[in-house]
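Report on the structure
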Amino acid sequence: MDESPAKPSSGYGPGCRVTVLLPLPLPGTYDYRVGDNMALGEGDIVRVPFGKRVLAGVVWGSGDDRGIATSKLKTILQKPDTPPLPEESMRFVEWIAAYTLSERGAVLKMVIGVPAALEPPKPVLAYALDPAAPEIRMTRERIRVFEFLNGGAPPLPLTELARQASVRPSVVAGLKKAGVLQTFEMPSLPPPRRQPDWAARGPSLSAQQTAAGDDLAAKTRAGGFAATLLDGVPGSGKTEVYFQAVAQALKQGRQALVLLPEIALSAQWMARFVARFEAAPAVWHSELSPAQRRDTWRDVALGRARVIVGARSALLLPYPDLGLIVVDEEHESAFKQEEGVIYNARDMAVVRASLGRIPVVLVSATPSLETVVNVRTGRYRSWCLPDRHGGADLPEVSLIDMRRDAPPGGRWLSPQLRQALSDTFAAGEQAMLFLNRRGYAPLTLCRTCGHRFQCPNCTAWLVEHRRAGKNRLQCHHCGYGATTPQKCPSCGGEGNFAACGPGVERLAEEAAEAFPDVRMEIAASDTIAGPAAAAALVERIETHRVDLIVGTQIVAKGYHFPMLTLVGVVDADLGLTGGDLRAAERTFQLLYQVAGRAGRARHPGRVLVQTYMPDHPVMQALQSGRRDRFIAAECEARKEAGMPPFGRLAALIVSGRDAREVDAAAAALGRAAPDFKGALILGPAPAPLAMVRGQHRRRFLVRADKSVNVQRLITDWLAGVVISRKVRVRADIDPYGFL
Ligand code: ADP
Ligand code: ZN
């Protein structure tokens, strides 16, 4: 088709043998015969019979002549009207599969997993003059239609013809009925996208911003792989800076991709983009409607979408001409996909940029240690923006030592934090209380017998939720939920339950008691249903129709609220417990980001951090604002332990419904664990969440020197062990979640 930007490279004519990769969790490809009247090239999307089904797959190369005779192969059924998968996308699929030890087909599914996009667009009826038209009575509107069509206008769908000829649709319908117009089927095209305007004027940038923006734009113009960290304090204008590079990609007619960790919540980002480029970008995330998915996928594949903003899955779209990738909030663990193909979109973005020989920009106020070390060793360049735009000061951070100043039992706001809230409301300003825990209370127990409510499917306590007057117990891992019972299931005691610990709902209750006149909202993933609700909340905060936000990490990132001057971190220690390698790093990143919400405009902000560990390096770094010293200390510790980014880490997760089978498989793997130079294999051990969704889980951890090929190690290891089919073994390369 003429709009497809790339033409297939090599040709396979009728009777040729080609091999096709199918979007199924299978490592191999399958050979097919090219049908009559068909010319195919590598990357072409085709429909093939597979068992009893018909599947869309991709021509991956020429077939293997040693198998079944070509004449006996099944024939390719059809080549849908879809542009071929670009060669870079094919290489990217291979790369991800090899790195993550996933089946190539499973990775391909992430690329072409929008079956509707492969259907030819539904034809529409187009209207044109019938040369054999009878004489009819003319009206002024009818004449307008005649003149419009006689003036060389192409056949058009009814509503479009009516609009362009400035008549009512019924006039067109009447002309058809009278036999003056004829109709025929025409392929439909989605309405043209309004393209972002690279030449639109952005804000005038500071000297620092200009230097960074010019460099990123120059790299985009020059092409070639280059990884750059854009490191700047919250509010320093990083977005405006990387928009310079986006503008450059647009100017060259290439596509630009911006990855955001939580696209569903990015209303402010969208508004900024539209303000800068005078048109909206194409958006890609899991909450698109099927029609939006189909149109966006096709627009990307056809090169009609020039700027794409999306969640991690947007990285796998079939870009024919990608010229730039930006990963905003690159430190975010939301870039790690933990289900199916386990990959980190931040790392794979760098790979994609290198395959496509284009620049990638990693953006953060709290870069990951991986990225910091890559800058140190010279693999990445970096730009630093140390000042807030407009000279606003960074907020002052004070620690509240909860060992001395804790509130009475059952309350969570220290006297200092209460006072600060009170002062803030009195001054007519906004405050935010941050607690990274949904619901009312993380644990409920029976006062009589001590029974604790536990999820039947997971090794986890049930979390009490009390919103909308309903008392429910929910599992935050599998979604299990039940109404809080009247009687204790263990001792039969009547309704004598204690809620232990706070969640945002309980905190909101305490705040409402203390400040009855304050307008308050809870912001958590279960109170904000989707992008529209998030945008509405953001607007209520921006227009100061809310005085106090009680929120989880959902409000910690990226937002800019000019009237917000106080941030209270209720339990700063929450993320530090548990055996997570990155616990300190993550806690620091999260709290630093939360703190960055305060005082972003003219009003100075302050941040109060409640902690039982005021001497912990994370708390000290927050208070002193010495991020780099914290990073340096964290680096030293990791280096000494041989942990990432100085060593390599991979996990092997063994899971299944039957605990005995799982244990047997884990034991067999343990016995077969290879003795590999430079690698240490730990386990099997029950995963910290030993059961999730009814699946029992055991895990191994491989810790290896940087030089070790852990993929090889794991492949060889697994090849030597026979595992029950009831047990699943999955590799997680560079694990983030340690649950
Ligand atoms: P960051 O991403 O570093 O936190 P942002 O890009 O969100 O910072 O910028 C913070 C605020 O400052 C935004 O409202 C942005 O529009 C504004 N801003 C940044 N740089 C400029 C500039 N050069 N001129 C005008 N406004 C700017
Ligand atoms: Zn559960």
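How each quantity is defined
- Per-chain numbering applies: the sequence of each chain, read as written, is numbered from 1 onward.
- Each chain is given a letter, starting from A, and each ligand a number, starting from 1, according to the order in which they appear as written.
- Selection of residues for local features in this predicted model requires a pLDDT of at least 70, selection of side-chain atom pairs for listing and counting requires 80 or more, and totals for whole chains, interfaces and linings are taken over all residues.
- Side-chain numbers here rest on the full set of heavy atoms in the structure, without hydrogens or water.
- What counts as a helix is a DSSP run of H or I of at least four residues, what counts as a strand is a run of E of at least two, and both are numbered from the N terminus.
- As a reference, a globule follows 2.2 Å times the number of residues to the power 0.38, and the radius of gyration itself is taken over C-alpha atoms.
- Contacts are assigned to residue pairs that have any heavy atoms within 4.5 Å of one another.
- Residue exposure ignores everything except the shown protein chains as possible cover, and the areas themselves are Shrake-Rupley values with a 1.4 Å probe.
- Positive charge is attributed to Lys and Arg, negative charge to Asp and Glu, and no charge count is given to His or to the chain ends.
- Lys charges are placed at NZ, Arg charges at CZ, Asp charges at CG and Glu charges at CD.
- To sort residues, take the accessible area from a 1.4 Å probe on protein chains only and compare it with the maximum for the residue type: under 20% means buried, over 50% means exposed, and anything in between is partly exposed.
- For two strands to count as paired, DSSP must find a minimum of two bridges between them.
- Under this scheme, a helix contributes an axis fitted over its contacting stretch, all axes are lines through C-alpha atoms, and angles between N-to-C directions fall in the 0 to 180 degree range.
- Whenever Lys or Arg places a side-chain nitrogen within 4 Å of a carboxyl oxygen from Asp or Glu, that contact is recorded as a salt bridge.
- The nearness test applies per residue and asks whether one of its heavy atoms lies within 4 Å of the molecule or strand.
- Under the rule applied, a polar contact is a pair of N or O atoms within 3.5 Å (in protein, one hydrogen donor and one hydrogen acceptor; residues adjacent in sequence only if both atoms are side-chain atoms).
- We call an atom a donor if it is N, O or S and sits within 2.8 Å of the metal, or 3.2 Å for Na, K and Ca. Water is not counted, so some sites may look partial.
- Site shape is set this way: if four donors have all angles between 85 and 135 degrees, tetrahedral; if opposite donors are over 155 degrees apart and all others between 65 and 115, square planar for four donors and octahedral for six; otherwise irregular.
- Multiply 1.5 Å by the residue count of a helix minus one, and that product is the helix's expected span.
- Side-chain rings of Phe, Tyr and Trp (the six-membered ring for Trp) are treated as a pair once their centres are within 6.5 Å; stacked means planes under 30 degrees apart, edge-to-face means over 60, and tilted covers the remaining angles.

On to the overall build of the protein, then. Regarding its fold elements, the protein presents 21 helices and 31 strands. By the compact-globule yardstick of 27 Å for 739 residues, the protein fits well, its C-alpha radius of gyration being 30 Å. Considered along the principal axes of its C-alpha atoms, the protein spans approximately 95 × 70 × 60 Å. Here the analysis covers contacts within the protein between residues at least 6 apart in sequence; of these, 75% occur between residues at least 24 apart. Surface accessibility of the protein: about 33000 Å² in total, with carbon and sulfur atoms responsible for 52%. Side-chain charges of the protein comprise 91 positive and 75 negative groups, with the mean position of each set lying 4 Å from the other.

For the rest of this paragraph, the subject is the environment of Arg201. Its location among the elements puts Arg201 in the loop between β7 (181–187) and α7 (207–222). Looking at Arg201, the relative accessible area reads 76%, which means it is exposed. Along the chain, Arg201 and Gly113 lie 88 residues apart, while their C-alpha atoms are 38 Å from each other.

It is worth spelling out the sheet that holds strand β17 (residues 396–401) at this point. As summarised here, the arrangement of the six strands in space is β17-β27-β26-β18-β25-β24, forming an open sheet in which the pairing is parallel. Looking at the sheet topology across the chains shown, the edges are occupied by β17 and β24 (520–523). Each strand axis lies, on average, 15° off the axis of its neighbour in the sheet, ignoring direction. Examined bridge by bridge, β24 and strand β25 (residues 548–551) share four bridges and lie parallel to one another. Bridged to Met520 within β25 is Leu548. Where helix α15 (residues 504–514) meets the sheet, its contacts fall on β18 (430–434), β24 and β25, and the angle it forms with β24 comes to roughly 170°.

Tallied over the full model, the rule gives 31 salt bridges. Of the charged contacts, one joins Lys726 and Glu661 as a salt bridge, the two residues approaching to 3.4 Å between their closest N and O atoms. With Lys726 in the loop between α21 (710–719) and β31 (728–733) and Glu661 in helix α20 (residues 659–672), this residue pair connects regions lying 65 residues apart in the sequence. According to the relative accessible area criterion, Glu661 is partly exposed, its value standing at 23%. Where salt bridges share partners, they join Asp231, Arg627 and Asp628 into one cluster.

This next bit is on the pairing of strand β29 (residues 679–692). As paired elements, β29 and strand β30 (residues 695–705) share eight bridges and run antiparallel to each other. Its bridge partner being in β30, Leu682 is matched across the sheet by Leu701. Between β29 and β30, which follow one another and run antiparallel, lie two residues, and Arg693 among them has a positive phi close to 50°.

Turning our attention to the site of ligand 1. Neighbouring ligand 1 are 16 residues; Gln209, Gly235, Gly237, Lys238 and Arg272 lie closest to it. Interatomic distance of 2.9 Å between a side-chain N/O atom of Gln209 and a nitrogen atom of ligand 1. Within the backbone of Gly235, a nitrogen or oxygen atom sits 2.6 Å from an oxygen atom of ligand 1. Alone, ligand 1 offers 550 Å² of accessible surface; in the complex the protein occludes 81% of this. By residue number, the principal contributor to the shell around ligand 1 is helix α8 (residues 238–251), which donates three residues.

The zinc ion (ligand 2) binds to the protein through Cys455 (SG), Cys458 (SG), Cys475 (SG) and Cys478 (SG); the donor distances cover 2.2 to 2.4 Å. Of note is the zinc ion (ligand 2), whose four donor atoms meet at the metal with angles of 106 to 114° in an arrangement that counts as tetrahedral. For the zinc ion (ligand 2), all donor residues lie on one chain, and their spacing in sequence is C-x2-C-x16-C-x2-C. Judged by its relative accessible area of 3%, Cys475 is buried.

Attention shifts here to helix α17 (residues 583–595). In this model, α17 (13 residues) spans 18 Å end to end at C-alpha, consistent with the 18 Å of a helix rising 1.5 Å per residue. Most of α17 is tucked away, with 12 of its 13 residues classed as buried. Those residues of α17 that fall on the buried side of the exposure criterion are Ala583, Ala584, Glu585, Thr587, Phe588, Gln589, Leu590, Leu591, Tyr592, Gln593, Val594 and Ala595. Looking at the buried positions of α17, the neighbouring elements they touch are α12 (369–376), β18, β26 (564–569), β27 (606–611), α18 (617–624) and α19 (627–641).

Inspection of every chain in the model, using the stated rule, returns 14 aromatic pairs. For the pair Trp95 and Tyr99, a centre-to-centre distance of 5.4 Å together with 20° between the ring planes defines the contact as stacked. You can see Trp95 and its partner Tyr99 sitting in helix α1 (residues 87–100), four residues apart, about one turn around the helix. The class of Trp95 is partly exposed, set by a relative accessible area of 35%. Taken together through their ring pairs, the aromatic side chains of Tyr242, Phe243, Trp269, Phe273 and Phe277 make up a single cluster.

Excluding glycine, residues mostly carry a negative phi; peptide bonds, for their part, are mostly trans. The amide bond that connects Pro644 to the next residue, Pro645, takes the cis arrangement and shows omega of 5°. Residue placement: Pro645 occurs in the loop between α19 and β28 (647–656). Within the chain, Arg357 stands out as a residue other than glycine whose phi angle is a positive 50°.

The strand order across the open sheet formed by four strands is β2-β1-β4-β3, and the pairing between neighbours is antiparallel. Because the sheet does not close on itself, it has two edges, and the strands there are β2 (30–33) and β3 (45–50). Ignoring which end each strand starts from, the neighbouring axes of this sheet average 55° apart. Judged from the six bridges that link them, β3 and strand β4 (residues 53–62) form a sheet pairing that is antiparallel. Among the inter-strand pairings, Val48 is bridged to a residue of β4, identified as Leu55.

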